[in-house]
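Structural characterization, general
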Amino acid sequence: MINSAPKGQFGQEHRQTLAQRALGEVPIYVIGLSIMALCIGLLMANGIKISVSGIIENARLFLTFTVILVFFDVVWQLNRQRPDSPFALVKERYSDAALWRQIVGGLPLIAMAILVLPFFSKMKSAIPLFNEYTWDQTFVEWDQAIFFGYDAWQVLQPVLGYPIVTAFLALLYHLWFLLLYPGVMFFVFYRMDSQLRRQFFMTYMLSWSLIGGAMATWLASVGPCFLEPMLGNAHFNEQMAYLNAANEQVPIMTLRVQDMLLEWHGSSKNGLGSGITAMPSMHCAIALIYWLAVKQIHRGWGAAFGLFFIITWISSVHLAYHYAVDGLISVFAVLAIWWLSKKIITAWDAWTERQAALRTNTVPAE
């Protein structure tokens, strides 16, 4: 006869685990939703219509990557185990209670990522409403001060100035996009230290808002590739001439994206992924966040993500998206936010523990 008590106890433990995880993530929900509300208020105050199209598109991208990841997981498991019944293996794997507990526990963070990111993108597109693009010349001068009178791209050019190298770096630069979807899903669902997961997501949310929003608006700049078409400054025409010449030999993926961003800017499109801003570099910021987190999970993969961060920074300069100082400022900002996020999570845990202790101490003895 099957004993139903353990099943009930198991269900209760499951609910307690989910509740404990959700409670620990409350600061992320509160800060994320508060920032989203602030973004909505600022946008509406400036006459920008709020729609759910960006949220729907973001959800579609998460769903697409979910299907892709499940497909590759099934193929991997079938190839590794070579079962007599593939359908039985798939059924067993995806009906596992522990797997579904992990999925259900991670859904609130996925929902946050789906809801919040489109509004950060809208704020990026709305920068001209709050500030003019006036910082580019300053950043050119900062770069030249660091590199002894040369632009950063000129220093890199003797090493990277080959079409095949440029095309490869452009490809890697686009792979950064994967950090926003399968990368986020990894940190949501992978079994890891709870504090690390929360520190990652708190840093992720605050970086998009503080670095990609507030700082990008304050330090409004367009970057080398848009300097001439948007501001009439031909300082980087030689760099763009090289990139276009290289594109005649090997397709340089970033050039098409730059043209698309410029077209969107001209038509005032403010959808997911639109908007033009250089300082600070969110490519560098997000890549650095991943390095800070992944190196605490796996030493080898940490080294790989550290290398990816360095390549992203170098590529952002070589491909004319950014000044070198864009990445430098991002590094300082991310390190500060990473430290602050840990303080917030630690303080929240200490507060919830005190509240739990008070409740325990005030429960009358039976």
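On a predicted model such as this, the values are computed, not experimentally measured, just so you know.

Helix and strand counts for the protein chain stand at 17 helices and zero strands. Taking the principal axes of its C-alpha atoms as reference, the protein chain extends roughly 80 × 55 × 40 Å. A total of 366 residues make up the protein chain; the buried ones form 44% of that total. Counted over contacts in the protein chain with a minimum sequence separation of 6, partners at least 24 positions apart contribute 83%. A total of about 19600 Å² of accessible surface is found on the protein chain, and carbon and sulfur atoms cover 66% of it. Across the protein chain, the mean location of the 23 positive side-chain charges is 13 Å away from that of the 22 negative side-chain charges.

Contact geometry for helix α3 (residues 53-81) and helix α10 (residues 182-189): axes closest at 10 Å, N-to-C directions at 75°. In terms of orientation, α3 lies roughly perpendicular with respect to α10. For the pair formed by α3 and α10, the contact residues are F62, F65, T66 and L69 on the first element and P182, V184 and M185 on the second. Among the residues forming the contact of α3 with α10, the class breakdown is six nonpolar, one polar and no charged.

Once that is clear, we can look at helix α8 (residues 152-160). Of all the positions in α8, only A152, W153, Q157 and L160 are classed as buried. Relative to the axis of α8, the buried residues are bounded by an arc of 130° and lie together on one face. Seen from the open side of α8, the exposed residues pointing more than 90 degrees away from its buried face are P158 and V159.

Of note, F308 is situated in helix α16 (residues 299-318). Put simply, F308 and R256 are 52 residues apart on the chain and 22 Å apart in space, counted from C-alpha to C-alpha. Here F308 is in contact with L172, L175, W176, L179 and A287, once residues within four sequence places are set aside.

For the rest of this paragraph, the subject is the nonpolar core. By size, the foremost hydrophobic cluster in this structure holds 96 residues, and its most contacted members are W208 and I286. Excluding residues that lie within four positions of it along the chain, I286 makes contacts with W176, L179, L180, Y204 and W208.

We now examine the pattern of salt bridges. Where side chains of opposite charge bring their charged atoms close, a pairing between them can arise. Tallying each qualifying case throughout the model produces four salt bridges. Of the charged contacts, one joins R93 and D73 as a salt bridge, the two residues approaching to 2.7 Å between their closest N and O atoms. Of this pair, R93 sits in helix α4 (residues 86-94) while D73 is found in helix α3, placing the two residues 20 residues apart along the sequence. Assessed through its relative accessible area of 36%, R93 is described here as partly exposed. The exposure class assigned to D73 is buried, which follows from its relative accessible area of 18%. Of the charged contacts, one joins R198 and D349 as a salt bridge, the two residues approaching to 2.7 Å between their closest N and O atoms.

Where two aromatic rings form a pair, the distance of their centres and the angle of their planes describe that pair. Scanning the model with the defined rule gives 23 aromatic pairs in all. When the centroid spacing of 5.6 Å and the interplanar angle of 75° are considered together, the rings of F187 and Y290 count as edge-to-face. With a gap of 103 residues between them, F187 in helix α10 and Y290 in helix α15 (residues 282-294) connect regions that are remote in the sequence. Considering the side-chain rings of F200 and Y204, the 5.8 Å spacing of their centres and the 20° angle between planes classify their relative orientation as stacked. Of this pair, F200 and Y204 both sit in helix α11 (residues 194-218), four residues apart, roughly one helical turn. Y204 shares its class with F200; the two are buried.

Criteria and cut-off values
- Residues numbered from 1 in each chain as written.
- Predicted model: local features only at pLDDT ≥ 70, side-chain atom pairs only at ≥ 80, totals over all residues.
- Heavy atoms only, no water.
- Helix = DSSP H or I, 4+ residues; strand = E, 2+ residues; numbered from the N terminus.
- Buried < 20%, exposed > 50% of the residue type's maximum accessible area, 1.4 Å probe, protein only.
- Contact = heavy atoms within 4.5 Å.
- Areas by Shrake-Rupley, 256 points an atom, 1.4 Å probe, with all protein chains shown as cover.
- Lys, Arg positive; Asp, Glu negative; His and termini not counted.
- Charge placed at Lys NZ, Arg CZ, Asp CG, Glu CD.
- Axes fitted to C-alpha atoms, helices over the stretch in contact; angles between N-to-C directions.
- Parallel < 35°, antiparallel > 145°, perpendicular 65-115°, else oblique.
- Nonpolar A, V, L, I, M, F, W, Y, C, P; charged D, E, K, R; others polar.
- Arc of directions from axis to C-beta.
- Core = buried A, V, L, I, M, F, W, Y, C linked by side-chain atoms within 4.5 Å.
- Salt bridge = Lys/Arg side-chain N within 4 Å of Asp/Glu carboxyl O.
- Phe/Tyr/Trp six-rings, centres within 6.5 Å; stacked < 30°, edge-to-face > 60°.

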